[in-house]
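# Structural description and commentary
Residue strings, one per chain:
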Amino acid sequence: MNILVTGGAGFIGSHTLIELYSAGHTAVVVDNLSNSSQESLRRVAKIIGIAEIPFYNVDIRDREGLEKVFACHHFDACIHFAGLKAVGESVAKPWEYYDNNISGTLTLLDVMRRNGCKSIIFSSSATVYGDPAEIPISEQCPKGQCSNPYGWTKSMLEQVMTDMQHADTEWNVVLLRYFNPIGAHQSGTIGEDPNGIPNNLMPYITQVAVGKRPELGVFGNDYDTPDGTGVRDYIHVVDLARGHVAALQKVGQGSGLSVYNLGTGHGYSVLDVVKAFERINGVRIPYSIKPRRAGDIATCYSNPEKANRELGWKALYGIDEMCRDSWRWQSQNPDGYATK
Ligand code: NAD
Ligand code: UD1
């Protein structure tokens, strides 16, 4: 299939491109590079062994720009990664988040249907469950109250696509709720490259390991968890990327509306991750305990059985591979894609 990949220059998009090509698909990337660099696409092309990935520097809110892309290519489906994702920033700039994520996706969906492309795989998040009613979290778990505008954009967009699919059953909509993607491609040449101070745990740990930050702050050790620190379902980004290829097969069969958790089903605490990182990489991570971070929950991990059963997909990598591959990327590229 030929796939429109919005946000393809970003962390998850770049890894997904590799898995798409290795499964025999082709892709065209639309990205405004607001949180990425074209260097990732150059490296992806090298890994795949092609001259270049077709790329358009277009904002998904730009209807004319998108129409031009559709005028040049036929797409069988879209994998829609483009969006802003920094939770704290979304609290400070809600309008910008609703505009980028919601207006952008509405424009994209309209341009898609006008051009007869009615299959979409959407990057949603475990954040839509809010403080989850059940652990492990299955797709049956009711959606909850999001604690920030970023989370609401995911929850609202799920609703938009659900309603559109109900109204027009030609649409195939797959909502993928990611848990906590970390890790990097085995080559160590592509990975997560956050701007400024990382918000998320693994990029913070790797920046401590590489000497860019003095120590990790552990946000709370008084949660109701085995060691008091927050428990999450970390998933290797390559496993996550392969989940999209599996979802694409489903779309090809005319899937209608479907929702899947993409996680491993295992929960690791902050200190479990720190210890695993130290053990597998032989690097020490100094840390100190800080107050809880607003909006955080104690425990969040998935029941991934539905994706196992219906997509034939299962996460293959464990926490050791995630820590090893995150470190390979960061140690080989201390300044991310800006590393000379
Ligand atoms: P990322 O920031 O690395 O990638 C997103 C890409 O979208 C970037 O390349 C950015 O430049 C592009 N983009 C943003 N707004 C755009 C716009 N208006 N027009 C065109 N391009 C635009 O993030 P990621 O970690 O790869 O996440 C991909 C998707 O998955 C996002 O939608 C994110 O919300 C979602 N998600 C991520 C996580 C995570 O932990 N990384 C978890 C759950 C869901
Ligand atoms: C974050 C987002 C969530 C998004 C998810 C996907 C927040 C509040 N939530 O979730 O919306 O869907 O990523 O990846 O950002 N931690 C520390 N020190 C740090 C950073 C994190 O102790 O410097 C702890 C956190 O308190 C948490 C765990 O590490 O217990 C994981 O944090 P993080 O990587 O930010 O992910 P989430 O909070 O699960």
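Residues numbered from 1 in each chain as written. Chains lettered and ligands numbered in written order. Predicted model: local features only at pLDDT ≥ 70, side-chain atom pairs only at ≥ 80, totals over all residues. Heavy atoms only, no water.

### Quick word on the packing of helix α9 (residues 270-281) against helix α11 (residues 319-332)
Closest axis-to-axis distance for the α9/α11 pair is 9 Å, and the angle between their directions is 65°. In this view, α9 runs roughly perpendicular relative to α11, as classed from their interaxial angle. Crossing angle aside, the handedness with which α9 passes α11 is right-handed. Together, Val273, Ala276, Phe277, Arg279, Ile280 and Asn281 of α9 and Ile319, Asp320, Cys323, Arg324 and Trp327 of α11 make up the contact between the two elements. Looking at the contact of α9 with α11, its residues break down into 7 nonpolar, 1 polar and 3 charged. (Axes fitted to C-alpha atoms, helices over the stretch in contact; angles between N-to-C directions. Helix = DSSP H or I, 4+ residues; strand = E, 2+ residues; numbered from the N terminus. Parallel < 35°, antiparallel > 145°, perpendicular 65-115°, else oblique. Left-handed = near helix turned anticlockwise from the far one by under 90°. Contact = heavy atoms within 4.5 Å. Nonpolar A, V, L, I, M, F, W, Y, C, P; charged D, E, K, R; others polar.)

### Notes on the site of ligand 1
Taken together, 26 residues form the shell around ligand 1, and within it Asp31, Asn35, Ser36, Phe81 and Lys85 come nearest. One of the backbone N or O atoms of phenylalanine 11 is found 2.9 Å from an oxygen atom in ligand 1. A distance of 2.6 Å separates an oxygen atom of ligand 1 from a polar atom in the side chain of aspartate 31. When the free accessible area of ligand 1 is taken as 810 Å², the share hidden by the protein chains comes to 95%. Contributions of two or more residues to the shell around ligand 1 are made by α1 (11-22), β5 (119-125) and α6 (149-167). Take the shell around ligand 1: its biggest share by element is 3 residues, from β5. For the shell around ligand 1, the per-class residue count stands at 11 nonpolar, 11 polar and 4 charged. (Near = heavy atom within 4 Å. Polar contact = N/O pair within 3.5 Å; in protein donor to acceptor, adjacent residues only side chain to side chain. Areas by Shrake-Rupley, 256 points an atom, 1.4 Å probe, with all protein chains shown as cover.)

### A word on the nonpolar core
One finds Val5, Leu17, Leu20, Ile121 and Leu176 to be the most contacted residues of the largest nonpolar core, which totals 42 residues. Per element, the largest residue contribution to this core is 8 residues, and it comes from helix α8 (residues 237-252). Contact partners of isoleucine 121, with chain neighbours within four places excluded, come to Cys78, Ile79, His80, Val174, Leu176, His244, Ala247, Leu248 and Val251. Among the nonpolar cores identified, the runner-up in size contains 26 residues, and Val30, Val58, Ile60 and Phe70 belong to it. (Core = buried A, V, L, I, M, F, W, Y, C linked by side-chain atoms within 4.5 Å. Buried < 20%, exposed > 50% of the residue type's maximum accessible area, 1.4 Å probe, protein only.)

### Remarks on the site of ligand 2
Residues in close proximity to ligand 2 total 21 residues, the closest being Ser125, Gly217, Arg232, Arg293 and Asp296. A distance of 2.9 Å separates an oxygen atom of ligand 2 from a polar atom in the side chain of asparagine 200. In the complex, the protein chains occlude 87% of the 730 Å² of accessible area that ligand 2 would expose alone. Counting residues per element, the ones that place at least two in the shell around ligand 2 are β7 (180-182), α7 (201-209) and β8 (216-219). At 4 residues, β8 tops the list of elements feeding residues into the shell around ligand 2. Looking at the shell around ligand 2 residue by residue, the classes come out as 11 nonpolar, 7 polar and 3 charged.

### Some remarks on the pattern of salt bridges
Under the counting rule described, the total for this entry stands at 21 salt bridges. Of the charged contacts in the structure, one is a salt bridge between aspartate 222 and arginine 292, with a shortest N-O distance of 3.0 Å. Of the two residues, aspartate 222 sits in the loop between β8 and β9 (231-232) while arginine 292 sits in the loop between β13 (287-290) and β14 (299-300), which places them 70 residues apart along the sequence. Beyond isolated ion pairs, a larger network of salt bridges with shared partners links Arg63, Asp110, Arg113 and Arg114. (Salt bridge = Lys/Arg side-chain N within 4 Å of Asp/Glu carboxyl O.)

### Brief notes about the sheet that holds strand β4 (residues 77-80)
Two modes of strand pairing occur in sheets, parallel and antiparallel, and in both the strands are linked by backbone hydrogen bonds. Strands sit in the order β3-β2-β1-β4-β5-β6-β11 across an open sheet of 7 strands; the sheet is parallel. Here the strands that pair on one side only, and so sit at the sheet edges, are β3 (55-56) and β11 (257-262). Bridging between β4 and β5 involves 3 bridges; their strand directions are parallel. Bridge pairing links isoleucine 79 to isoleucine 121 in β5. On top of the sheet, helix α3 (residues 63-72) reaches β1 (2-6), β2 (26-30) and β3; it is set at about 160° to β2, its chief contact. Against the sheet, α6 makes contact with β5, β6 (172-178) and β11, and its axis sits at roughly 150° relative to β5, the strand it touches most. (Pairing = 2+ DSSP bridges.)

### Observations regarding the state of the cysteines
One way to say it: the disulfide is the covalent bond shared by the sulfur atoms of two cysteines. Under the definition given, this model contains 0 disulfides. With no disulfide of its own, cysteine 141 lies closest to cysteine 300 among cysteine sulfurs, the gap being 9.4 Å. (Disulfide = S-S within 2.5 Å.)

### Quick word on the sheet that holds strand β12 (residues 268-269)
In spatial order, the strands read β12-β9-β14; together these 3 strands make up an open sheet with mixed pairing. Either end of the sheet is taken by a strand with one partner, and the two such strands are β12 and β14. In this structure, β9 lies alongside β12, joined through 2 bridges in antiparallel fashion. Looking at the pairing, arginine 232 lines up with tyrosine 268 of β12.

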